Amino acid sequence: MDVDTRLLRYFVAVAEEGTLTRAAERLYVSQPALTKQIRQLEAQLGVRLFSRSRSGMALTAPGRTLAGRVPALLADWDRALRDTRGEASRAARVLRVGFLASAANEATPRLVAEFARRRPGWRAEMRQATWADPSAGLTAGTVDVALLRLPFPGQDALRTSVLFTEPRWIALPTGHPLADRDRGPLAFRDLLDEPFVAAPPETGPWRDHWLAVDERDGHPVRVGAVTDQPDDWLNAIANGYGIALAPASAARFYARPGVVYRPVSGVSPSQVAVAWASADDADPVVRDFVRCCTDHAVNDDATATFPPEEYAACPPSSRT
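Quick summary incoming for the structure in this document. Note that the structure is predicted; figures quoted are calculated from it, not measured.

## Details of the sheet that holds strand 5 (residues 145–150)
Part 1 of the argument: Taken in spatial order, the five strands line up as 4-3-5-13-6 in an open sheet, and their pairing is mixed. The sheet terminates laterally at strand 4 (123–129) and strand 6 (158–166), the two strands that pair on one side only. Recorded for the sheet is a direction-independent mean angle of 25 degrees between the axes of neighbouring strands.
Part 2 of the argument: Bridging between strand 3 (residues 94–100) and strand 5 involves three bridges; their strand directions are parallel. Bridging across to strand 5, Val 97 finds its partner in Val 145.

## Focus on the sheet that holds strand 11 (residues 244–247)
The strands that make up a sheet are held in pairs by hydrogen bonds between backbone atoms, and each pair lies either parallel or antiparallel.
Part 1 of the argument: The strand order 8-12-7-11 describes an open sheet built from four strands, whose pairing is mixed. Sheet topology places strand 8 (186–187) and strand 11 at the edges, where each strand pairs with a single neighbour.
Part 2 of the argument: Where strand 7 (residues 168–173) meets strand 11, four bridges bridge the pair, whose relative direction is antiparallel. Pairing of Ala 171 across the sheet is with Ala 244, part of strand 11.

## Some details on the environment of Ala 238
Part 1 of the argument: On the secondary structure map, Ala 238 appears in helix 7 (residues 230–238).
Part 2 of the argument: In the structure, Ala 238 is positioned 21 residues away from Val 259 in sequence and 5.4 Å away in space, judged by C-alpha atoms.
Part 3 of the argument: When near neighbours in sequence (up to four residues on either side) are disregarded, Ala 238 contacts Pro 173, Arg 256, Gly 258 and Val 259.

## Focus on helix 7
Part 1 of the argument: Among all positions in helix 7, only Pro 230, Trp 233, Leu 234, Ala 236 and Ile 237 are buried. Relative to the axis of helix 7, the buried residues are bounded by an arc of 160 degrees and lie together on one face.
Part 2 of the argument: Among the structural elements, strand 7, strand 9 (195–198), strand 10 (222–226), strand 11 and strand 12 (259–265) are those in contact with the buried residues of helix 7.
Part 3 of the argument: Looking one or two residues past helix 7, Gly 240 carries a phi angle of roughly 85 degrees, positive in sign.

## With respect to the layout of surface pockets
Part 1 of the argument: Approximately 1,500 Å³ is the volume attributed to the largest pocket.
Part 2 of the argument: Looking at the largest pocket, it is lined by 40 residues, and the ones nearest its centre are Asp 78, Arg 82, Thr 139, Ala 140 and Gly 141.
Part 3 of the argument: Listed by contribution, the elements that provide at least two residues to the lining of the largest pocket are helix 1 (5–17), helix 2 (20–27) and helix 4 (61–91).
Part 4 of the argument: Per-class residue counts for the lining of the largest pocket are 17 nonpolar, seven polar and 16 charged.

## So, the pattern of salt bridges
Part 1 of the argument: Overall, the coordinates contain 13 salt bridges when judged by the stated rule.
Part 2 of the argument: Two residues, Arg 118 and Glu 114, come together in a salt bridge whose shortest N-O distance is 2.9 Å. Residue Arg 118 and its partner Glu 114 are both found in helix 5 (residues 107–118); the two are separated by four residues, about one turn of the helix.
Part 3 of the argument: Classification of Arg 118 as partly exposed rests on a relative accessible area of 24%.
Part 4 of the argument: Accessibility expressed as a relative area gives 10% for Glu 114, which makes it buried.
Part 5 of the argument: Among the salt bridges present, the one from Asp 288 reaches Arg 119, with a minimum N-O distance of 2.7 Å.

## Regarding the packing of aromatic side chains
Part 1 of the argument: By the definition in use, this model includes five aromatic pairs.
Part 2 of the argument: A ring pair is formed by Phe 115 and Phe 289, whose centres lie 5.8 Å apart and whose planes are at 70 degrees; its orientation type is edge-to-face. Of this pair, Phe 115 sits in helix 5 while Phe 289 is found in helix 9 (residues 284–296), placing the two residues 174 residues apart along the sequence. An identical accessibility class is assigned to Phe 115 and Phe 289; each is buried.
Part 3 of the argument: When the centroid spacing of 5.8 Å and the interplanar angle of 85 degrees are considered together, the rings of Trp 131 and Trp 233 count as edge-to-face. Taken together, the residues Trp 131 in the loop between strand 4 and strand 5 and Trp 233 in helix 7 connect sequence positions 102 residues apart. Of the two residues, Trp 131 and Trp 233, neither departs from the other in class, the shared state being buried.
Part 4 of the argument: Positioned over the ring face of Trp 210 is Arg 168, at 5.8 Å from the centre of the ring.

Here is what the cut-offs are and how they apply
- Within each chain, residue numbers correspond to sequence positions counted from 1 in written order.
- At least 70 in pLDDT is required for a residue's local features to be given in this predicted model, at least 80 for side-chain atom pairs to be given and counted, and no such filter applies to totals for whole chains, interfaces and linings, which use all residues.
- To obtain the side-chain values, all non-hydrogen atoms of the structure were included, while hydrogens and water were left out.
- For two strands to pair, DSSP has to find at least two bridges joining them.
- The numbering of helices and of strands both runs from the N terminus, where a helix is a DSSP run of H or I of at least 4 residues and a strand a run of E of at least 2.
- The angle between two axes is taken between their N-to-C directions and runs from 0 to 180 degrees, where each axis is a line fitted to C-alpha atoms and a helix contributes only its stretch in contact.
- The contact definition used throughout considers only heavy atoms, calling two residues in contact when any of these lie within 4.5 Å.
- Residue burial is assigned from relative accessible area. The probe radius is 1.4 Å, only protein chains are included, and a residue is buried under 20% of its type maximum, exposed over 50%, and partly exposed in between.
- Directions are taken from the helix axis to each C-beta atom, and the arc is the one they span.
- Of the grid points, spaced at 1 Å and generated over the protein atoms alone, those admitting a 1.4 Å probe that cannot get out make up cavities, while open sets with protein on both sides within 12 Å along at least five of seven lines make up pockets; any residue with an atom within 4 Å of a point is treated as lining.
- Grid points are joined across faces, edges and corners, and a volume is the space filled by probe spheres set on the points.
- Side-chain classes are defined by residue name, with Ala, Val, Leu, Ile, Met, Phe, Trp, Tyr, Cys and Pro counting as nonpolar, Asp, Glu, Lys and Arg as charged, and the others, Gly among them, as polar.
- The rule for a salt bridge is simple: a side-chain nitrogen of Lys or Arg has to be within 4 Å of a carboxyl oxygen of Asp or Glu.
- Side-chain rings of Phe, Tyr and Trp (the six-membered ring for Trp) are treated as a pair once their centres are within 6.5 Å; stacked means planes under 30 degrees apart, edge-to-face means over 60, and tilted covers the remaining angles.
- Geometrically, a lysine NZ or arginine CZ counts as sitting over a ring once it is within 6 Å of the ring centre and also within 35 degrees of the ring normal.

Structure (structure tokens):
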């Protein structure tokens, strides 16, 4: 009997969470869709896996047996996929490098050039991921190494080396009352009641970091829009659905009419890191790329405090 691994992943999520509601939130699917998938798996196996009640989903005896075996099975399958894809890229002399928008920024071309110098005949293939995957494919094994912003889901299971930090600024629509305030940093405490543009819920610590949950002292977050692409993020801000924290460098890379970037106080900086799987600690190609990053990814202005008029995409009236 062949069973779709997606059904098994859904089963594991329900078994671990104990309710369809929490499992659906974790998987970022609707509860009816998840219910349908669990019933499909039960129909294929010909057994009941859960006892359903108002309190949640309890595993049956067959369900407990399956729950004890499936995580290891999925881990082996994921490892096999990673190894297979990795061997294919090695045969082509390609290092797959995942990255997120506004990760290493100006340093990226320097890293690629240095890697080519160290590894003649090899190519660093840059693969951009959406914000819905803050590990940029590293957790799924679709890349060999990644340039990321910390923290991200699954970070503890991977190797990371911080390359540089930069301040977090705030992105506002140009019509916002604070967009034309004089050039001193805005206090984050003055923004706590604002709606924010957020990453998808399943990104966990990544979403929390860019909502500055740790700096809110328990103050609840208002989410005005959820996006996972830079263009959608910019449009949501420009259209007034919310404001958003962003790296200071976003003011250069994502300047557009309708959006203003301002310094903000009361929030910690953002960290950029290179990340790789612990299984690749001894891989000479991965090690060379990591060394390129740690030796050459110095962002000369990453920790500086910039005058807003230099980087903010402000209307002319505010550039006095």
